[in-house]
Amino acid sequence: MSGSTSRRSYGVKGAPYGFLLPATVLFALFFALPIGYAVWLSFRKVRVSGLGLGSGARKEVWAGFENYTGAFRDSELLHGALRVLGYGCIVVPVMLGLALLFALMLDSEKARLAPFTRLAIFLPYAIPGVVAALLWGFLYLPDVSPFYFVLDKLGLPQPDLLDGGPLYLALSNIAVWGGTGFNMIVIYTSLRSIPAEVYEAAELDGATPLQVALRIKIPMVAPSLVLTFFFSIIATLQVFNEPTTLKPLTNSVNTTWSPLMKVYQDAFGRNDIYSAAAEATLIAVVTLLLSFGFLRAANRRNKQEATG
Amino acid sequence: MPHTKRRRLVTTALAVSLGATALAACGSGDGTEAESGPVSLTYWTWTPGMDKVVDLWNKGPGKKDRITVTVKKQASGDTLITKILTAHKAKKAPDLVQAEYQALPTLVSNDALADISDEVDDAKDKFAEGVWQQTTLGTDAVYAVPQDIGPMMFYYREDLFRQYGLKVPTTWEQFAETARRLKQKAPDKDLTTFSAGDSGLFAGLAQQAGAKWWTTSGDKWKVGIDDAATRKVADFWGGLVKEGVIDNQPMYTPSWNKALNTGKQIAWVSAVWAPGTLTTAAPDTEGKWAMAPLPQWSADQDVTGSWGGSSTAVTTDSAHKEAAAEFAAWLNTDHDALNALAKEGGIYPASTSAQLSGAFSNPPAYFSHQADFYTKAAGIAKTTAPSAWGPNVNVAYTSFKDAFGPAAKNKSDFTAALRKVQDDTVADMEKQGFEVAR
């Protein structure tokens, strides 16, 4: 009798750990371990002796922080980061602004054909990034683009979209086109969950639809805005598909245009996985700092608003 | 909270299944068996139709010697090099791999390729000396058997050359003159383009001019990307771009296809495999092109460079190196095998005897009017200048794209871009610890 009680109590005590076990094992195997290995690699390097031909000429040795100092000193990584910053300054505000605008318009009582419009705006999100970039790449190339054909016929100037400043617009356009729908759905969903009483109260107070939008809807969907902003920052830091796909079409995108392209190039173009691991670790740390920094700032504001 | 948890679980489950596939994929690359008895080999290649060629082996000589080869189709070029090196790290590289000539030093430097000189030395006289030398890296070892080559040639629109009264250039000076004359007669047309995206093309042009990008002396490498011959080539093309008599946009884009197809660009410096590319890029102009030898740097010369070409190598991870070498030699020297390779894979064989027989007795369909296409090609192939590859061609090629892209775009100094390629390449070698002579 006592044996069975003790076994039962043991079972109850152990149960949470039992339930945790699969997730913990999977987390360790497929998340912690690969990351740990990448960090380990980032402290290693290859040492070649002599001509480097034949067996034993190439050894993996401890590198200390050499790969990290190398990454900091590599101006290309910094330039890539600055290019992505410029790109993000266009993408994030435009995409979220449009997403919010569309969500508010769809939510307004006067909206017609709302389900169809919602789907139409969302649809580009379902198109794989590489396909979207290829599609837009064709539209940007003067010789094959129907837009340039029309501009030519109308006698209007034909800007080179794959060069200089317009290149940023061209790249941002692909991201905005693909991402607006997703963010709109997130914001729209939280707009739908605002209780009807709030609107009734606003109506009784004589608020115009614009006032309702600015004073009620936007503040109430602020958490969704924070969330979409957060996702957008991460997506921007990880931009890879669009510039990589456009690269063969133009002389203006180099192999290290964005930091992730640099990582890819080092790992698979130059076969230097050690530097690539160090750069990847750096990018991960920066992403973490930026996103958590932002979340913290957003939370603090929310708390202030709640108390104040 | 429960929501996030569930999603995380789904993600992990997905990761597990993906991981399992990856593991399975890794495992299947292993084709080693016991020493005695039948041997089975794995072969990584990107040549289309290779499985049909290998079938000939498995049903013929392979059946007799009990050596079975299995083809695993791969992506071409640098992607495969990375994959081989990764597999080699785990000691699981396949027995046989296809590798471009310029990648051989990289693979050898990583100790991924076995020396098969004892097994394949008999095949040596089936190939031109310059081609064979690329598989030895100037040592006594032999690291691969040549498969296909890409001797460079000059392709031009015969009809448009006649229309504009242009003569086929035999020297580069005439080439520049032709470009200028075309610009005068038809300002909206270009003779050709300088493509900053094709390092291999530039390397071939430099090779023709006599450049030796990597050489060794004693225990040291010497990098000569910035040598006089290459500077001459860079200056020449940079000058044409700056003058505006040729285009500066990359090749292999939809725009480029259209330019070839509509006659906006009327010539192409390319290699023996060009008919295949033209068939897809410029289908409307079939029968209007002709092939001629590459223009020369001086009128009394007769040399060409090479753009592309690959070999079959045996890896150090193979448990049956002898059997693998036997297959590699058969594949690239046997008459039936080469015939099938030409038919199924569309390759231009490195083996000199195969360049004029079987599939190559008739011109390619796209050039059906130029009856002596392959006779001419075989003659040109003989004039291929020796090449000199080093252990980090990949770095030089990437650096070329990044340095020459802006230079072509801004029509600025090509020699400055060339210096950057040289510096990047040397810096990378020194970083890895190679001894580099300054």
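About the cut-offs
Residues numbered from 1 in each chain as written. Chains lettered and ligands numbered in written order. Predicted model: local features only at pLDDT ≥ 70, side-chain atom pairs only at ≥ 80, totals over all residues. Heavy atoms only, no water. Helix = DSSP H or I, 4+ residues; strand = E, 2+ residues; numbered from the N terminus. Buried < 20%, exposed > 50% of the residue type's maximum accessible area, 1.4 Å probe, protein only. Polar contact = N/O pair within 3.5 Å; in protein donor to acceptor, adjacent residues only side chain to side chain. Domains from an automatic or database assignment. Contact = heavy atoms within 4.5 Å. Buried area = accessible area lost by both parts, 1.4 Å probe. Salt bridge = Lys/Arg side-chain N within 4 Å of Asp/Glu carboxyl O. Nonpolar A, V, L, I, M, F, W, Y, C, P; charged D, E, K, R; others polar. Phe/Tyr/Trp six-rings, centres within 6.5 Å; stacked < 30°, edge-to-face > 60°. Lys NZ or Arg CZ within 6 Å of the ring centre and 35° of its normal. Patch = residues over 30% accessible without salt bridge, like charges linked within 9 Å, V, L, I, M, F, W, Y side chains within 5 Å. Areas by Shrake-Rupley, 256 points an atom, 1.4 Å probe, with all protein chains shown as cover. Lys, Arg positive; Asp, Glu negative; His and termini not counted. Charge placed at Lys NZ, Arg CZ, Asp CG, Glu CD.

Points about the side chain of B:Asn332
Residues and elements named next belong to chain B. One can find Asn-332 in helix 14 (residues 321-333). For Asn-332, a relative accessible area of 0% gives the class buried. Here the side chain of Asn-332 touches Thr-312 through a polar contact of 3.0 Å, side chain to side chain. For Asn-332, the side chain forms a polar contact with the main-chain oxygen of Ala-328, separated by 3.1 Å.

Let's talk about the domain arrangement of chain A
Residues and elements named next belong to chain A. Structurally, chain A comprises domain 1 (2-62) and domain 2 (74-307). A separation of 35 Å is found between the C-alpha centroids of domain 1 and domain 2. In this assembly, eight residues from domain 1 lie in contact with five residues from domain 2. Buried area between domain 1 and domain 2, both sides added, is near 480 Å², and the carbon and sulfur share of it is 73%. Seen at the junction of domain 1 and domain 2, the total is zero salt bridges. Taken together, domain 1 and domain 2 are joined by one residue pair in polar contact (both at pLDDT 80 or more). Among the elements that take part in the side of domain 1 that touches domain 2, helix 1 (residues 2-42) stands out by supplying four residues, more than any other. Of the residues in the side of domain 1 that touches domain 2, the class split is four nonpolar, one polar and three charged.

Description of the packing of aromatic side chains
Considering all chains together, one arrives at 58 aromatic pairs over all chains under this definition. With 5.2 Å between their ring centres and 90 degrees between their planes, A:Phe43 and A:Phe65 make a pair best called edge-to-face. Of this pair, A:Phe43 sits in the loop between helix 1 and strand 1 (44-48) while A:Phe65 sits in the loop between strand 2 (58-62) and helix 2 (66-73), placing them 22 residues apart in sequence. Measuring from ring centre to ring centre gives 5.8 Å for B:Trp172 and B:Trp237, while their planes differ by 65 degrees; the resulting arrangement is edge-to-face. Pair noted here: B:Trp172 is in helix 9 (residues 172-185) and B:Trp237 is in helix 11 (residues 228-243), with a separation of 65 residues, a long-range link. Here B:Trp172 matches B:Trp237 in class, with each residue buried. Above the face of the B:Trp44 ring, B:Lys83 is positioned so that its terminal group lies 5.1 Å from the ring centre.

Here's the deal with a negative patch on the surface
Residues and elements named next belong to chain B. Together, Asp-65, Asp-115, Asp-118, Glu-119, Asp-121, Asp-122, Asp-125, Asp-140, Glu-322 and Glu-326 make up a region of like negative charge exposed at the surface. When contributions to the negative patch are tallied by element, the ones reaching two or more residues are helix 6 (117-120) and helix 14. Position of Asp-115 relative to the elements: it lies in the loop between helix 5 (104-109) and helix 6.

So, the environment of A:Pro159
Residue and element names in this part refer to chain A. Inspection of the secondary structure puts Pro-159 in the loop between helix 6 (146-154) and helix 7 (164-192). What makes Pro-159 partly exposed here is its relative accessible area of 42%. Excluding its chain neighbours within four sequence positions, the residues that come into contact with Pro-159 are Tyr-148 and Leu-151.

A few points about the domain arrangement of chain B
Interfaces are often sized by the accessible area lost when the parts come together. Residues and elements named next belong to chain B. Looking at chain B, the domain boundaries give domain 1 (2-149 + 308-365) and domain 2 (150-307 + 369-432). Centre-to-centre separation of domain 1 and domain 2, based on C-alpha positions: 29 Å. If you look at the interface, domain 1 gives 18 residues, while domain 2 gives 24 residues. Roughly 1,800 Å² is buried in total at the junction of domain 1 and domain 2, and carbon and sulfur atoms are behind 62% of that figure. Of all residues in domain 1, the largest losses of buried area upon contact with domain 2 belong to Gln-102, Tyr-348 and Pro-364, amounting jointly to 28% of the total for that side. One can count zero salt bridges joining domain 1 with domain 2. There are five residue pairs in polar contact (both at pLDDT 80 or more) connecting domain 1 and domain 2. Per-element tally for the side of domain 1 that touches domain 2: the top contributor is helix 5, with three residues. Broken down by class, the residue content of the side of domain 1 that touches domain 2 amounts to nine nonpolar, nine polar and no charged.

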